[in-house]
Amino acid sequence: MTDYLDPIAGLVDRKSSITVLSGSDCANFLNRSLTSDISEFTHMERHDSVLCDANGRVIDIASLCRLGDKILMLSQSQGEITRKRLQSGISWSEDVSIIDGNNALTHLTLTGMQWQRALIGIGLDPEDLGDNVWVEFGNMLISLNRDFDVDIIDIALPTNEVLEVTSALIDNGCREMGDDRWDYVRTNIGLVTIEEANGRIPADVSLGSFIDLNKGCYPGQEIHARMDSRGKSAKHIVRFRANRPIEIGKHMVEGIGRILVISSIEYNGKSVGFAIIPHGVSIDGQFEIDGNSTLIEHIISP
Amino acid sequence: MGILGGEGFSLPVVSETEVVSVDIHFTESAKSALKESMNGDEDTHALVISAQSGGCSGFLYDMKIAQVENDDGFQKLDIGGITVLVHNKDSSLLSGINVDFKDTLMGGGFQITNPNADRACGCGQSFG
């Protein structure tokens, strides 16, 4: 069901926090802080990962690109928190520099119908975009994410070229999305961001695939390993659709039990959001939440 | 030019670090194990104790015997005739630690207890 999409692709500035790690030790250094393993991270590879605190709770979500002896990190937590946290963990003997790229680079996302047309219009053949890689096109890095029902194309580019590239994409059949439209679209796609994941256990918010319990220690690993050894997480994230907005917070729902609504987006009279519900309950059919007839659906875990 | 060749990048991030005067306590068993590990290289080598990101709790201890050519930025301690170096950036994390040595087959070796840590990992190598 993709009736939430416009007939043409949408383009949004993700306002990501952009960091460049350089130096011969940067991959080993960053690997110590991520929940997944980048010890074999190769040039132009794409790797998505999570940073957690010592309690195993998400503090940031990052998309990485290896560029020779540098790593470009597009992360979602705002401010300097992640950069300062990383900086404080560089050992005296490590060759690592952490550089703020927020003013130099911008992260755009293109998604929805006919995205191929927009890229072809600027001279890029969509067939050149492989899985889990970044492709260099001019001064841009472009990556196709096929983890969801709807393709998501991430573009990193110099900030001083954003106007020109945006205009070219719009001329070739896409339109800009505001933040509210983007939140509506990504929630329908099932893309969980730091807005929902912050402070939560990754597996509870469909980020469990970003955890590698075989890589060794990382902040939060002890908690994740203990949860894993005691069986699957007790709860998971779902998407709901309703005709009216549902208040964020806890709700008792007949047939499910207690659910926690963690986001609620209203757009053009339609309401969609994410909720966390217990594992093992059937979510077939409509449920009443706050007197609102609500459809609850599983989302795809990347 | 490439994506990283343009303008607008900031200088490397510098985080302000609190520098304190380092005080480390070694138990007698830790001193004798350290002396044994130095293997007569006390005049040319030092024990460097540091903290780096990682581990289950956020930071990992690291101890290495090294020949440090340039000890700028390090604080130097004399532990029974052996030079122990702690970098200024790690001083607030490591000052006050107690270094012990347990001579057991399982879970033995140097052990650190850290009064600055809010939490420690089960393996004892990580703190936060």
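The shown structure was predicted, so the numbers you read here are calculated from the model rather than taken from an experiment. (Residues numbered from 1 in each chain as written. Chains lettered and ligands numbered in written order. Predicted model: local features only at pLDDT ≥ 70, side-chain atom pairs only at ≥ 80, totals over all residues. Heavy atoms only, no water.)

## Quick look at the pattern of salt bridges
Here is step 1 of the chain: Tallying each qualifying case throughout the model produces 21 salt bridges over all chains.
Here is step 2 of the chain: The closest approach of N and O atoms between A:R83 and A:E80, which form a salt bridge, is 2.9 Å.
Here is step 3 of the chain: Note on A:R83: relative accessible area 1%, which makes it buried.
Here is step 4 of the chain: Given a relative accessible area of 29%, A:E80 falls into the partly exposed group.
Here is step 5 of the chain: Notably, a salt bridge pairs B:D71 with B:K76, separated by 3.1 Å at the nearest N-O pair.
Here is step 6 of the chain: Residue B:K76 is classed as exposed on the basis of its relative accessible area, which comes to 58%.
Here is step 7 of the chain: Sharing partners across several salt bridges, the network here consists of A:R14, A:R46, A:D48 and A:D154. (Salt bridge = Lys/Arg side-chain N within 4 Å of Asp/Glu carboxyl O. Buried < 20%, exposed > 50% of the residue type's maximum accessible area, 1.4 Å probe, protein only.)

## Some words on the domain arrangement of chain A
All names here are of chain A.
Here is step 1 of the chain: Domain assignment breaks chain A into domain 1 (1–230) and domain 2 (234–302).
Here is step 2 of the chain: Taking only C-alpha atoms into account, the centre of domain 1 sits 26 Å from that of domain 2.
Here is step 3 of the chain: With 24 residues of domain 1 in contact, the opposing surface of domain 2 contributes 20 residues.
Here is step 4 of the chain: Buried area between domain 1 and domain 2, both sides added, is near 2,000 Å², and the carbon and sulfur share of it is 64%.
Here is step 5 of the chain: In terms of surface lost to domain 2, no three residues of domain 1 exceed Y184, T187 and D204, which account for 29% of the buried area on that side.
Here is step 6 of the chain: Counting the contacts that link domain 1 with domain 2 gives zero salt bridges.
Here is step 7 of the chain: Viewed at the interface, domain 2 and domain 1 are joined by four residue pairs in polar contact (both at pLDDT 80 or more).
Here is step 8 of the chain: Considering each element in turn, the side of domain 1 that touches domain 2 owes the most residues, eight residues, to helix α5 (residues 179–189). (Domains from an automatic or database assignment. Contact = heavy atoms within 4.5 Å. Buried area = accessible area lost by both parts, 1.4 Å probe. Polar contact = N/O pair within 3.5 Å; in protein donor to acceptor, adjacent residues only side chain to side chain. Helix = DSSP H or I, 4+ residues; strand = E, 2+ residues; numbered from the N terminus.)

## Section: helix α1 (residues 28–38) of chain B
All names here are of chain B.
Here is step 1 of the chain: Those residues of α1 lying buried are A30, A33, L34 and M38. Looking straight down α1, one finds its buried side chains confined to an arc of 140°; they lie on one side. For α1, the exposed residues lying more than 90 degrees away from the buried face are E28 and E36.
Here is step 2 of the chain: Of the surrounding elements, those touching the buried residues of α1 are β1 (25–26), β2 (46–54), β3 (58–66), β5 (82–87), β6 (98–102) and β7 (109–113).
Here is step 3 of the chain: After α1 finishes, the residue N39 shows a positive phi value of roughly 55°. (Arc of directions from axis to C-beta.)

## Digging into empty space enclosed by the protein
Residue and element names in this part refer to chain A.
Here is step 1 of the chain: For the coordinates displayed, the defined rule picks out two cavities of 30 Å³ or more.
Here is step 2 of the chain: Its boundaries defined by the atoms lining it, the largest cavity holds a volume of some 260 Å³.
Here is step 3 of the chain: If you go around the largest cavity, you meet 21 residues; those closest to its centre are R46, D48, S63, Q76 and L191.
Here is step 4 of the chain: Those elements giving two or more residues to the lining of the largest cavity turn out to be β3 (46–52), β4 (58–67) and β10 (152–158).
Here is step 5 of the chain: Its residues assigned to classes, the lining of the largest cavity comprises nine nonpolar, seven polar and five charged.
Here is step 6 of the chain: The computed volume of the second largest cavity comes to approximately 60 Å³.
Here is step 7 of the chain: Lining the second largest cavity, in full, are L5, D6, I8, A9, G10, T111, G112, M177, R181 and V185.
Here is step 8 of the chain: When residues of the lining of the second largest cavity are traced back to their parent elements, those giving at least two are β1 (9–13) and α5.
Here is step 9 of the chain: Among the residues making up the lining of the second largest cavity, the classes are represented as five nonpolar, three polar and two charged. (1 Å grid on protein atoms, 1.4 Å probe; cavity = no way out; pocket = protein on both sides within 12 Å on 5 of 7 lines; lining within 4 Å. Points joined across faces, edges and corners; volume = space filled by probe spheres on them. Nonpolar A, V, L, I, M, F, W, Y, C, P; charged D, E, K, R; others polar.)

## Observations concerning the sheet that holds strand β2 (residues 17–22) of chain A
All names here are of chain A.
Here is step 1 of the chain: Pairing in this open sheet of five strands is antiparallel, and the strands run β3-β4-β5-β2-β6 from one edge to the other. Both outer strands of the open sheet, β3 and β6 (97–100), are each paired with one neighbouring strand and no more. Going across the sheet, the axis of each strand differs from the next one's by a mean of 30°, ignoring polarity.
Here is step 2 of the chain: As defined by bridge partners, β3 adjoins β4 across seven bridges and the pair is classed as antiparallel. Within the sheet, the bridge partner assigned to L51 lies in β4 and is D60.
Here is step 3 of the chain: Relative to β6, helix α2 (residues 81–88) is tilted by about 165°, and along the sheet it contacts β2, β3, β4, β5 (70–75) and β6. (Pairing = 2+ DSSP bridges. Axes fitted to C-alpha atoms, helices over the stretch in contact; angles between N-to-C directions.)

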